[in-house]
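# Observations on the model geometry
Residue-level listing of the chains:
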Amino acid sequence: MSRKITSLTVRDVRFLTSLEQHGSDAMHTDPDYSAAYVVLDSDCGLRGFGLTFTLGKGTEIVVSAVEALAGLVVGKCLEEIVGDFRGFYRLLTSDGQMRWLGPEKGVIHLATAAVLNAIWDLWARAEGKPLWKLLVDMDPKTLVSCIDFRYITDVLTEEEALELLMKARDGKQQREEEMLSDGYPAYTTSCAWIGYSDQQLRELCAEALASGWTKFKVKVGADLQDDTRRCGLVRQMIGPDNILMIDANQRWDVDEAISWVKSLAQFKPLWIEEPTSPDDILGHAAISKALAPLGIGVASGEQCHNRVMFKQFLQASALQFVQIDSCRLASVNENLAVLLMAHKFRVPVCPHAGGVGLCELVQHLILFDYICVSASLSNRMYEYVDHLHEHFTSPVVIRDAHYMPPKDPGYSCEMLETSVQRHHFPDGDVWKTLLKK
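If you're wondering where the values come from, they're calculated on a predicted model, not measured in any experiment. (Residues numbered from 1 in each chain as written. Predicted model: local features only at pLDDT ≥ 70, side-chain atom pairs only at ≥ 80, totals over all residues. Heavy atoms only, no water.)

## Observations regarding the sheet that holds strand β1 (residues 5-14)
- With respect to topology, three strands assemble into an open sheet ordered β1-β2-β3, the strand pairing being antiparallel. In this open sheet, the two strands that pair with only one neighbour each are β1 and β3 (47-54). Along the sheet, successive strands turn relative to each other by an average axial angle of 15°, direction set aside.
- Sitting on the sheet, helix α1 (residues 59-69) is in contact with β1, β2 (34-42) and β3, with an inclination near 175° to β1. (Pairing = 2+ DSSP bridges. Helix = DSSP H or I, 4+ residues; strand = E, 2+ residues; numbered from the N terminus. Axes fitted to C-alpha atoms, helices over the stretch in contact; angles between N-to-C directions. Contact = heavy atoms within 4.5 Å.)

Next up, the structure:
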């Protein structure tokens, strides 16, 4: 059955998370979690939903970029797209004029992610499977054909990728059953946003511990005295055996990062996340080398532009933890390349999530990674943030601090229409009320 895409609509959806300091960190002090939200309609009535994540202001720019890409999508059949997914990926990322806006980075890449996320959602719905199951059941040759290997063949060729997937087939069924039974291990960032008071931090840590959480992340980087107090408070709350991570959200220069983290080493963090500019590959390598004797790793990736940057981070031994993002990279296609490169370099993947819909999306990718690529849970966990899930038709399910595999067909990024209308910027009811004040 042919399914022609007849229209693409995109809307600017913004949630007022800044009012309660949800999502606040050392660099982004007042985020309003937002999304450029894409809906694809087809001539058979099937719809595909996708999004990319933003922090409020500027979402309208991403919306305009999505609209600029729409002409490359509307009129095409789903079967035509997925039959040559690598070709379609290149169509979006290598347009002779729009490519100049990137290439494969920035606003145009965020827009590409939103469009491709909707295509993958449409494909999974057409097959009647959640996206992770679509990937798990896919023939390795078909899966590899979705990846653009341009610029990364010096590290990973198509033949090597296929070989990695074939080797991982042993035990695949058992790992899938394990995920369906136990879920994928998670950590929480919800307790320690930088704008939260100490009392709020204590209360949230206590609630999380009572709910079975054992892995906690603390936002740091604005003030060393405050960081020392807050990390000490969290470590005291969670005890010596639970896992603590810290995240500076790109606040420091390289030498400053090394000095600052050494001052916090007493709290035994597993990693420091985004210690400096997300573009500074050699800076991350220097920080990694300096902190290795302390047993502190470096994690990054949520603002890593593309697979080429991940390739270089891995080549430079600059990361001990790879953090993929479902909306920063160009959707599933590019994330598959990074998962396979990380596996080749034996660096664990611990995805970035939170925001609007990121938890819902990336769960599919990390389930696929465990079942079909890495076959390991060692030093691996997936971020969880307890905000805005109520706005999705298939919100994440957390049980005993584990992500339970989604069951509904698709990529889990369909939002409730009532939520979209209420939070649409600037004419949704939430924004009309705020702008009148």
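## Observations concerning helix α4 (residues 106-127)
- Between its terminal C-alpha atoms α4 stretches 32 Å, which fits the 32 Å expected from 22 residues at 1.5 Å a residue.
- Burial within α4 is extensive, with 18 of its 22 residues counted as buried.
- Positive backbone phi, at 70°, marks G128, one or two positions downstream of α4. (Expected span 1.5 Å × (residues − 1). Buried < 20%, exposed > 50% of the residue type's maximum accessible area, 1.4 Å probe, protein only.)

## Observations concerning the packing of α1 against α4
- Running from amino to carboxyl end, α1 crosses α4 at an angle of 65°, the nearest separation of the two axes being 8 Å. Once α1 is placed against α4, the crossing between them reads as right-handed. Here I61, V62, A65, V66 and L69 of α1 lie close against α4, whose contacting residues are V107, I108, L110, A111, T112, A114 and V115.
- In terms of residue class, the contact of α1 with α4 is built from 11 nonpolar, one polar and no charged. (Left-handed = near helix turned anticlockwise from the far one by under 90°. Nonpolar A, V, L, I, M, F, W, Y, C, P; charged D, E, K, R; others polar.)

## Remarks on empty space enclosed by the protein
- If you walk through the whole model with that rule in mind, you get two cavities of 30 Å³ or more.
- Roughly 90 Å³ of internal volume is contained in the largest cavity.
- Around the largest cavity, the lining residues are L135, V136, M138, P140, L143, L165, R169, K172, F368 and C372.
- Those elements that provide at least two residues to the lining of the largest cavity are α5 (131-137), α6 (140-144) and α15 (358-374).
- Partitioned by chemical class, the residues of the lining of the largest cavity number eight nonpolar, no polar and two charged.
- The space that makes up the second largest cavity amounts to roughly 50 Å³.
- Lining the second largest cavity are L92, T93, M98, R99, G102, P103, E104, I108, H109 and T112.
- Those elements giving two or more residues to the lining of the second largest cavity turn out to be α3 (85-93) and α4.
- Take the lining of the second largest cavity: its biggest share by element is three residues, from α4.
- Each residue belonging to the lining of the second largest cavity can be placed in one class, and the counts come to four nonpolar, four polar and two charged. (1 Å grid on protein atoms, 1.4 Å probe; cavity = no way out; pocket = protein on both sides within 12 Å on 5 of 7 lines; lining within 4 Å. Points joined across faces, edges and corners; volume = space filled by probe spheres on them.)

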